[in-house]
Amino acid sequence: QVQLVESGGGLVHTGGSLRLSCVVSGFTLDFYAVRWFRQAPGQEREGIGCATSGDYIVYNSDSVQGRFIIGRDVAKNTVYLQMNDLKVEDTGIYYCATDFPALLGCVKNSESAFHLWGQGTQVTVSS
């Protein structure tokens, strides 16, 4: 069965860094895309970026531009989210999701196809 498991969250101070991992099973990163999302307390879900075959990476959040980096290790079935220079407003639950079986990839306005989610990992940034 398709499964996504996020890890790597924690408590950091402003300016710190965290590396989140999304380990997937039941589908191959050779074909299917993974998106990172986050949800701050009391706010709507926000898309961060997307990774798919050929190590094609796109970001869809201006608030993380230049600070967050998405990467893949296909052999480890893992998609990473490296977060640098963390700010208080980065606090939230971070999720990964896949477009399986739609194969839409990381095209614009494809977020609705990412139906399968992990349980999330909490990131808390303190001032």
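The following refers to the structure shown. (Residues numbered from 1 in each chain as written. Predicted model: local features only at pLDDT ≥ 70, side-chain atom pairs only at ≥ 80, totals over all residues. Heavy atoms only, no water.)

1. Regarding the state of the cysteines
Rule in force here: Disulfides are defined in this document as cysteine sulfur pairs within 2.5 Å. What counts as a helix is a DSSP run of H or I of at least four residues, what counts as a strand is a run of E of at least two, and both are numbered from the N terminus. Think of it in three bands: with a 1.4 Å probe and only protein chains considered, a residue is buried below 20% of the maximum accessible area for its type, exposed above 50%, and partly exposed in between.
Within this structure, the stated rule accounts for two disulfides. With a sulfur-sulfur separation of 2.1 Å, cysteine 22 is cross-linked through a disulfide to cysteine 96. Negative torsions about the S-S bond denote left-handed disulfides, and the value of about 80° found for cysteine 22 with cysteine 96 makes this one right-handed. Linking cysteine 22 in strand 3 (residues 18-25) with cysteine 96 in strand 9 (residues 92-98), this pair joins segments that are 74 residues apart in sequence. Overall, the relative accessible area of 0% leaves cysteine 22 in the buried class. For cysteine 96, a relative accessible area of 0% corresponds to the buried category.

2. Brief notes about the pairing of strand 1 (residues 3-7)
This is how the line gets drawn: Think of it this way: DSSP has to see at least two bridges between two strands before they count as a pair.
Only one face of strand 1 is covered, namely the face carrying Leu4 and Glu6; the face carrying Gln3, Val5 and Ser7 is uncovered. Of the strand pairs in this sheet, strand 1 and strand 3 are connected by five bridges, and their pairing is antiparallel. In the sheet register, valine 5 faces strand 3, and the bridge partner there is valine 23.

3. So, the packing of aromatic side chains
For clarity, the threshold we go by: By convention, a stacked pair of Phe, Tyr or Trp rings (six-membered ring in the case of Trp) has centres within 6.5 Å and planes under 30 degrees apart, an edge-to-face pair has planes over 60 apart, and any other such pair is tilted.
Taken as a whole and judged by the stated rule, the model has five aromatic pairs. Summarising the aromatic geometry, the rings of phenylalanine 27 and tyrosine 32 are spaced 6.1 Å apart at their centres and angled 90° between planes, so their arrangement reads as edge-to-face. For tyrosine 32, a relative accessible area of 14% gives the class buried. Considering the side-chain rings of phenylalanine 37 and tryptophan 117, the 4.7 Å spacing of their centres and the 45° angle between planes classify their relative orientation as tilted. With phenylalanine 37 in strand 4 (residues 34-39) and tryptophan 117 in strand 10 (residues 116-117), this pair connects stretches of sequence that are 80 residues apart. Taking relative accessible area as the criterion, tryptophan 117 reaches 32% and is therefore assigned partly exposed.

4. Digging into the pairing of strand 9
With six of seven residues buried, strand 9 is to be regarded as a mostly interior element. With six bridges joining them, strand 4 and strand 9 adopt antiparallel strand pairing. Within strand 9, the residue paired with glutamine 39 across the bridge is isoleucine 93. In terms of strand pairing, strand 9 meets strand 11 (residues 121-126) through three bridges, oriented antiparallel.

5. Some details on the sheet that holds strand 3
Note on sheets: strands pair through backbone hydrogen bonds, and any given pair is parallel or antiparallel. What counts here: Each axis is a line fitted through C-alpha atoms, taken for helices only over the stretch in contact, and angles between the N-to-C directions span 0 to 180 degrees.
Read from one edge of the open sheet, four strands run 1-3-8-7, paired in antiparallel fashion. On the outer flanks of this sheet lie strand 1 and strand 7 (68-73), each paired with one strand and no other. Shown here is a sheet whose adjacent strand axes are inclined to one another by a mean of 15°, direction ignored. One ladder, built from six bridges, connects strand 3 with strand 8 (residues 78-83); its direction is antiparallel. Following the sheet pairing, cysteine 22 is matched in strand 8 by valine 79.

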